[in-house]
Amino acid sequence: GENVEQHPSTLSVQEGDSAVIKCTYSDSASNYFPWYKQELGKRPQLIIDIRSNVGEKKDQRIAVTLNKTAKHFSLHITETQPEDSAVYFCATGGGNKLTFGTGTQLKVEL
Amino acid sequence: GAGVSQSPRYKVAKRGQDVALRCDPISGHVSLFWYQQALGQGPEFLTYFQNEAQLDKSGLPSDRFFAERPEGSVSTLKIQRTQQEDSAVYLCASSLGAGGSSNQPQHFGDGTRLSIL
């Protein structure tokens, strides 16, 4: 089955800096790559997604890049703000389910 | 409703009891998913429905876990003879179209936090 690895597990940045989270996956059939933000005790919220026919997608301060050959994709957050502090999960889709990474705890410090 | 709704938000049960968790998906969403999220981990897939048909139950950890969606809308996840390792947050998600996860944004509910004593 699919295996998704996510790094780093924790990330601390200063307000205004950029944050990068990376994921690798094993199943070449995966064709959908969403990122979710989850605050403590809350639901995972979809923040951006990318499909396998696209290499990069940007939405304001958030961007995702995908390298299908190398089977890795990354989340980039620019100009970080304290409200960006949360756990971020990458996931891959293909077939009937999403397979999630283990999460990255992002802390944006003032 | 505006989003996926789950009830109860919290459930405490004694080991050996049966529990039932409810999910109201976004109106009109064809696909419905259940996930289990252990503390500090990512959600793990349990089962998938397309309308009332359960097309994938490969993630259900044992035959004590049972899910249904009889009218293609509300779904119930039932756990029989609960054990301590069943303690987790159970998340429901829905998506608009058919076809499982392929190219389909999944929208999650707040989950049910289940604690087995």
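Refer to the structure above for everything that follows.
All values reported here derive from a predicted model rather than from experimental measurement.

Conventions we followed
Residues numbered from 1 in each chain as written. Chains lettered and ligands numbered in written order. Predicted model: local features only at pLDDT ≥ 70, side-chain atom pairs only at ≥ 80, totals over all residues. Heavy atoms only, no water. Helix = DSSP H or I, 4+ residues; strand = E, 2+ residues; numbered from the N terminus. Buried < 20%, exposed > 50% of the residue type's maximum accessible area, 1.4 Å probe, protein only. Contact = heavy atoms within 4.5 Å. Areas by Shrake-Rupley, 256 points an atom, 1.4 Å probe, with all protein chains shown as cover. Lys, Arg positive; Asp, Glu negative; His and termini not counted. Charge placed at Lys NZ, Arg CZ, Asp CG, Glu CD. Core = buried A, V, L, I, M, F, W, Y, C linked by side-chain atoms within 4.5 Å. Pairing = 2+ DSSP bridges. Axes fitted to C-alpha atoms, helices over the stretch in contact; angles between N-to-C directions. Buried area = accessible area lost by both parts, 1.4 Å probe. Salt bridge = Lys/Arg side-chain N within 4 Å of Asp/Glu carboxyl O.

J.: Which residues make up the overall build of chain B, and what values go with them?
T.: Helix and strand counts for chain B come out as zero helices and 11 strands. Walking chain B from its N terminus toward its C terminus, one meets helices and strands in the order β-β-β-β-β-β-β-β-β-β-β. Along the longest, intermediate and shortest principal axes, the C-alpha atoms of chain B span 40 × 25 × 25 Å. Considering chain B as a whole, with its 117 residues, one finds that 48% of them fall into the buried category. Within chain B, counting contacts between residues at least 6 apart in sequence, those at least 24 apart form 55% of the total. Counting only carbon and sulfur atoms, one obtains 46% of the accessible surface of chain B, whose full area is about 5,500 Å². Distance between charge centres in chain B, computed from 11 positive and 11 negative side chains, equals 7 Å.

J.: How would you sum up the environment of Gly111 of chain B? Please name residues and give values.
T.: Residue and element names in this part refer to chain B. Within the fold, Gly111 resides in the loop between strand 10 (107-108) and strand 11 (112-116). Note on Gly111: relative accessible area 0%, which makes it buried. On a C-alpha basis, the gap between Gly111 and Cys92 in space is 6.5 Å, while along the polypeptide they are 19 residues apart. Setting aside its immediate chain neighbours within four residues, Gly111 contacts Gln6, Pro8, Arg9, Val89, Tyr90 and Leu91.

J.: Give me the nonpolar core: which residues, what numbers.
T.: In terms of nonpolar packing, the biggest core is built from 22 residues, with Trp35, Phe73, Leu75, Tyr88 and Leu106 of chain A touching the most fellow members. Elements supplying a minimum of two residues to this core: strand 2 (10-14), strand 3 (19-25), strand 4 (32-38), strand 5 (45-51), strand 7 (62-67), strand 8 (72-77), strand 9 (86-93) and strand 11 (104-109) of chain A. Setting aside chain neighbours within four positions, we find Leu106 of chain A in contact with Leu11, Val13, Ala19, Ile77, Asp84, Ser85, Ala86 and Tyr88 of chain A. Counting residues in each nonpolar core, the second largest holds 20 residues, with Leu32, Trp34, Leu60 and Ile79 of chain B among its members.

J.: Give me the sheet that holds strand 8 of chain A: which residues, what numbers.
T.: Residue and element names in this part refer to chain A. With respect to topology, five strands assemble into an open sheet ordered 1-3-8-7-6, the strand pairing being antiparallel. Of all the strands in the sheet, just strand 1 (4-7) and strand 6 (56-59) have a single pairing partner and so form its edges. Neighbour to neighbour, the strand axes of the sheet diverge by 15° on average, direction disregarded. Inspection of the sheet shows strand 3 paired to strand 8 by six bridges, in the antiparallel sense. Paired with Lys22 across the strands is Ser74, a residue of strand 8.

J.: Residues and numbers for the interface of chain A and chain B, please.
T.: Of the residues lining the interface, 21 residues belong to chain A; the matching set on chain B comes to 25 residues. Roughly 1,800 Å² of surface becomes buried between chain A and chain B when both sides are summed, with 46% attributable to carbon and sulfur atoms. Together, Arg43, Asn96 and Phe100 of chain A form the three largest contributors to the area buried by chain A at its contact with chain B, with a combined 33%. Here chain A is connected to chain B by one salt bridge.

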